[in-house]
Amino acid sequence: MLNKKVVKQLDRTGLVPEYPKVLVSILTYNNVTDCSKAIRCYQAQTYPNYRLIVIDNASPQNSFEEIRQQFPDIEVVRLEKNGGYTGGNNWALERGLRE
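Reading guide: rules and limits
- Residues numbered from 1 in each chain as written.
- Predicted model: local features only at pLDDT ≥ 70, side-chain atom pairs only at ≥ 80, totals over all residues.
- Heavy atoms only, no water.
- Patch = residues over 30% accessible without salt bridge, like charges linked within 9 Å, V, L, I, M, F, W, Y side chains within 5 Å.
- Areas by Shrake-Rupley, 256 points an atom, 1.4 Å probe, with all protein chains shown as cover.
- Salt bridge = Lys/Arg side-chain N within 4 Å of Asp/Glu carboxyl O.
- Helix = DSSP H or I, 4+ residues; strand = E, 2+ residues; numbered from the N terminus.
- Pairing = 2+ DSSP bridges.
- Axes fitted to C-alpha atoms, helices over the stretch in contact; angles between N-to-C directions.
- Parallel < 35°, antiparallel > 145°, perpendicular 65-115°, else oblique.
- Left-handed = near helix turned anticlockwise from the far one by under 90°.
- Contact = heavy atoms within 4.5 Å.
- Nonpolar A, V, L, I, M, F, W, Y, C, P; charged D, E, K, R; others polar.
- Expected span 1.5 Å × (residues − 1).
- Buried < 20%, exposed > 50% of the residue type's maximum accessible area, 1.4 Å probe, protein only.
- Arc of directions from axis to C-beta.
- Phe/Tyr/Trp six-rings, centres within 6.5 Å; stacked < 30°, edge-to-face > 60°.

Draft legend 1. Expanded view of a nonpolar patch on the surface. Judged by side-chain polarity, Leu-23, Leu-93 and Leu-97 come together as a nonpolar surface patch covering roughly 300 Å² of accessible area. Counting through the fold element by element, Leu-93 comes out in helix α4 (residues 84-98).

In structure tokens, the structure reads:
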């Protein structure tokens, strides 16, 4: 985390945006309830510049569709194969860096 004094100095030079973009990824597997709670928490926060991606880690149930229906404005992606915790989060990071 940057020192606030340093950020203010850099901000004067135009090198640091006021609100740097933050990528938030929620990885889920057959857990609509907790995933929905996490999404609502992020929607309630006040930081204005973030991108939220929900990754369904190849759930065999229909949790992907339930989440997509509850939150139509959120990017929800279903992976074809369960990549585990690391694979799912790495996928989200790669996608976030591309866009």
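Draft legend 2. Structural context of the sheet that holds strand β1 (residues 22-28). The strand order across the open sheet formed by 3 strands is β1-β2-β3, and the pairing between neighbours is parallel. Here the strands that pair on one side only, and so sit at the sheet edges, are β1 and β3 (75-78). Neighbour-to-neighbour, the strand axes of the sheet open up by a mean angle of 20 degrees, direction not taken into account. Here β1 runs beside strand β2 (residues 50-56); their pairing, made up of 7 bridges, is parallel.

Draft legend 3. Focus on the packing of helix α2 (residues 32-44) against helix α3 (residues 63-70). The interhelical angle for the contact between α2 and α3, taken along N-to-C directions, is 30 degrees, at an axis separation of 10 Å. Between α2 and α3, the interaxial angle falls into the category roughly parallel. Both α2 and α3 take part in a crossing whose hand is right-handed. Counted together, Val-32, Cys-35, Ser-36, Ile-39 and Arg-40 of α2 and Ser-63, Glu-66, Ile-67 and Gln-70 of α3 form the full contact between these two elements. Residues belonging to the contact of α2 with α3 are distributed by class as follows: 4 nonpolar, 3 polar and 2 charged.

Draft legend 4. Focus on α2. Compared with an ideal rise of 1.5 Å per residue, which puts 13 residues at 18 Å, α2 spans 18 Å between its outermost C-alpha atoms and is within 8% of the ideal. Listed in full, the buried residues belonging to α2 are Val-32, Cys-35, Ser-36 and Ile-39. Considered in projection along α2, the buried side chains sweep an arc of 100 degrees and stay on one side of the axis. Looking at α2, the residues exposed on the side facing more than 90 degrees away from the buried face are Thr-33, Lys-37, Cys-41 and Ala-44. On its buried face, α2 sits against β1, β2 and α3.

Draft legend 5. Quick peek at α4. In this model, α4 (15 residues) spans 21 Å end to end at C-alpha, consistent with the 21 Å of a helix rising 1.5 Å per residue. Turning to α4, its buried residues number three or more, namely Gly-88, Asn-89, Ala-92 and Gly-96. Along the axis of α4, the buried positions cluster into a sector of 90 degrees, meaning they face one direction only. Across α4 from its buried face, at more than 90 degrees, point the exposed residues Thr-86, Glu-94, Leu-97 and Arg-98. If you follow the buried residues of α4, they end up packed against β1 and β2.

Draft legend 6. Examining the packing of aromatic side chains more closely. Scanning the model with the defined rule gives 1 aromatic pair in all. Ring centres 5.6 Å apart and planes at 85 degrees place the aromatic pair Tyr-19 and Tyr-47 in the edge-to-face group. Of this pair, Tyr-19 sits in the loop between α1 (4-13) and β1 while Tyr-47 sits in the loop between α2 and β2, and the two are 28 residues apart along the sequence. Tyr-19 sits in the partly exposed class, given a relative accessible area of 39%.

Everything listed here is a matter of geometry and, on its own, says nothing about what the molecule does.
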